[in-house]
Amino acid sequence: MHITEVSVVNSEQSIGLLNKSVADELAAVHQYMYFHFHLDDLGFAPLANLFKRTAIMEMGHVEALAERILFLKGDVQMAAADPVAAITDPAKMLAKAIEMEQGSARDYNRAAQTCGANADAVSKQLFERLVGDEEGHQDAFDKQLENIRRFGPSYLALQSFGAATAPEAPET
Ligand SMILES: [Fe+2]
Ligand SMILES: [Fe+2]
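Nothing here was measured: the structure is a model prediction, and the numbers come from that model. The numbers attached to residues start from 1 for each chain and follow its sequence in the written order. Chains and ligands are labelled sequentially in the order written, the chains with letters from A and the ligands with numbers from 1. Residue-level local features of this predicted model are given only where pLDDT is at least 70; pairs of side-chain atoms are given and counted only at 80 or more, and the full residue set underlies all totals for whole chains, interfaces and linings. Side-chain numbers come from the whole structure's heavy atoms, not from hydrogens or water.

Q: Whenever I open this one, the side chain of Asn 19 confuses me. Can you help?
A: Helix and strand labels come from DSSP, where a helix needs a run of H or I of at least four residues and a strand needs a run of E of at least two; each type is numbered from the N terminus. By the element assignment, Asn 19 lies in helix α1 (residues 3–42). For Asn 19, a relative accessible area of 7% corresponds to the buried category. Separated by 2.9 Å, the side chain of Asn 19 and the backbone oxygen of Asp 75 make a polar contact. Contacts were defined at the residue level, with two residues in contact if any of their heavy atoms lie within 4.5 Å. Asn 19 has contacts with Ile 69, Asp 75, Val 76 and Gln 77, leaving out every residue within four places of it along the chain. Each residue is assigned to one of three classes by its accessible area relative to the maximum for its type, calculated with a 1.4 Å probe on protein chains only: buried under 20%, partly exposed between the two thresholds, exposed over 50%. Nitrogen and oxygen atoms within 3.5 Å of one another constitute a polar contact, given that in protein one can donate a hydrogen and the other can accept it, and given that sequence-neighbouring residues count only through two side-chain atoms.

As structure tokens, then:
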């Protein structure tokens, strides 16, 4: 196999991994905005805003992945990996979001290893950055779920009245 053939094969594998990740990120954008709408409707503004800010960060991930796909001469497949789960209980929303973040971090760790093995260092670095972001999101959701468990369902109402510290989305 010639060097050019090797690089085409490698970039095709990277493009496949990057597009799978675009699909996961789009699913997260849809799911988190769905949670945002319902939490806003329930009057739980701080948690509603955490989901909205996180959805915006996931959209930034879509953009970073798309830029890399186009650089590798692929095209971006704008289809969400999963339909939105109709969850309206705040604790169940957080459990679902934590599961999604853990799944993304696991997939991106594996994708980083594959890209590294294929000598695609830039895609590897992108996936490693995303792992850090997803772990930050998971941590923020973990803290909220922990507070609901510790203080009971009234935690979200108290938080909305400013009686508890508003959660902050992690910095990227
Ligand atoms: Fe993400
Ligand atoms: Fe995330």
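What follows picks up the thread again.
Q: Please explain helix α4 (residues 121–151) as it appears in this structure.
A: Since the α-helix turns once every 3.6 residues, residues separated by three or four places project in the same direction. Here the expected length of a helix is defined as 1.5 Å per residue gap, with one fewer gap than residues. In a regular helix each residue adds 1.5 Å, so 31 residues correspond to 45 Å; α4 covers 45 Å between its end C-alpha atoms and thus fits that length. At the C-terminal side of α4, Gly 152 shows a positive phi close to 85°.

Q: Please explain the coordination of the iron ion (ligand 2) as it appears in this structure.
A: Ideal geometry at a metal gives 109.5 degrees between four tetrahedral donors and either 90 or 180 degrees between six octahedral ones. Summarising the metal site, the iron ion (ligand 2) is bound by the protein donors Glu 58 (OE), Glu 101 (OE), Glu 101 (OE), Glu 134 (OE) and His 137 (ND1), whose distances to it range over 2.0 to 2.4 Å. For Na, K and Ca the donor cutoff is 3.2 Å, while for all other metals N, O and S atoms must lie within 2.8 Å; water is not among the atoms, so some sites may look incomplete. Read in sequence order, the donor residues coordinating the iron ion (ligand 2) give the pattern E-x42-E-x32-E-x2-H. The metal-metal distance between the iron ion (ligand 2) and the iron ion (ligand 1) is 3.8 Å, with Glu 58 coordinating both. One end of the pair, Glu 58, is in helix α2 (residues 45–71); the other, Glu 101, is in helix α3 (residues 90–117), with 43 residues separating them in the sequence. We classify Glu 58 as buried; its relative accessible area is 1%. Owing to a relative accessible area of 1%, Glu 101 belongs among the buried residues under this scheme.

Q: When you look at the nonpolar core in this model, what are you seeing that I'm missing?
A: When a protein is soluble and globular, its nonpolar side chains tend to lie buried together. Judged by nonpolar contacts, the single largest core of 22 residues is most densely connected at Tyr 32, Phe 35, Leu 39, Leu 47, Phe 51, Leu 94 and Phe 141. The set of elements that each furnish at least two residues to this core consists of α1, α2, α3, α4 and α5 (154–160). In contact with Phe 141, other than residues within four places in its own chain, are Tyr 32, Leu 50, Phe 51, Thr 54, Leu 94, Ala 97, Ile 98 and Glu 101. By convention a nonpolar core is built from buried Ala, Val, Leu, Ile, Met, Phe, Trp, Tyr and Cys residues, the set being connected through side-chain atoms within 4.5 Å. Counting residues in hydrophobic clusters, the runner-up holds 20 residues, among them Ile 15, Val 62, Ala 66 and Val 131.

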